[in-house]
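# Architecture at a glance
Listed below are the residues making up each chain.
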Amino acid sequence: MNIVILDGYALNPGDLSWEGFYKLGNCKVYDHTPSDLYVDRAKDADAVITNKIAFTQELISKLPKLKYIGVLATGYNNIDTEAAGKRNIAVTNVPSYATESVAQNVFAHIL
């Protein structure tokens, strides 16, 4: 399986490990991907992991091997889920993203 993480810095500025992804297949991590490189970097991907990149119908149509889009956040409003659904591309998010850090931040402000 080919996995591409297009904007990894948004979640991991260097203090976390991507090791779990490397165990799943051939994985390439990019800290940032400019819009003119989206297709080039993801064209052979079975799975794309992103945070902020908008996966429009146009972008999805240019990625023929794509089977999965994972969003490193609580939502997936940046994904055209209708276009993904037409291609049977699974789309998920991280439902408990930042739960502990949000609670810590709230109590830090209270104290």
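Residues numbered from 1 in each chain as written. Predicted model: local features only at pLDDT ≥ 70, side-chain atom pairs only at ≥ 80, totals over all residues. Heavy atoms only, no water.

## Let's talk about the packing of aromatic side chains
Working definition: an aromatic ring pair is given by the centre-to-centre distance plus the angle between the planes. In total, this model carries 1 aromatic pair according to the counting rule given. Considering the side-chain rings of Trp18 and Phe21, the 5.8 Å spacing of their centres and the 55° angle between planes classify their relative orientation as tilted. Trp18 gets classed as buried once you look at its relative accessible area, which sits at 12%. In this arrangement the basic side chain of Lys28 is found over the ring face of Tyr30, its NZ or CZ atom lying 5.3 Å from the centre. (Phe/Tyr/Trp six-rings, centres within 6.5 Å; stacked < 30°, edge-to-face > 60°. Buried < 20%, exposed > 50% of the residue type's maximum accessible area, 1.4 Å probe, protein only. Lys NZ or Arg CZ within 6 Å of the ring centre and 35° of its normal.)

## Points about the pairing of strand β4 (residues 68-71)
Here strand β3 (residues 47-50) runs beside β4; their pairing, made up of 4 bridges, is parallel. In the strand pairing of β4, Ala47 is matched with Tyr68. Bridge analysis of β4 against strand β5 (residues 90-92) gives 3 bridges, and the strand direction is parallel. For Ile69, the partnering residue across the bridge sits in β5 and is Val91. The β-α-β motif built from β4, the intervening helix α4 (residues 81-86) and the parallel element β5 has right-handed crossover chirality. (Pairing = 2+ DSSP bridges. Helix = DSSP H or I, 4+ residues; strand = E, 2+ residues; numbered from the N terminus. Right-handed = clockwise from strand over helix to strand, strands pointing away.)

## Topic: the pairing of β3
By the alternation rule, side chains of β3 split into Ala47 and Ile49 and Val48 and Thr50, which are all buried. Examined bridge by bridge, strand β1 (residues 2-5) and β3 share 3 bridges and lie parallel to one another. Residue pairing for β3: Ile5 is matched across the bridge by Ile49.

## Observations regarding the nonpolar core
One finds Leu6, Val48, Phe55, Ile60, Leu66 and Ile69 to be the most contacted residues of the largest nonpolar core, which totals 20 residues. Other than its neighbours up to four places away in sequence, Ile60 contacts Phe55, Ile69, Asp80, Ala83, Ala84, Arg87 and Ile89. Of all hydrophobic cores here, the second largest spans 8 residues; its members include Ile3, Trp18, Cys27 and Leu72. (Core = buried A, V, L, I, M, F, W, Y, C linked by side-chain atoms within 4.5 Å. Contact = heavy atoms within 4.5 Å.)

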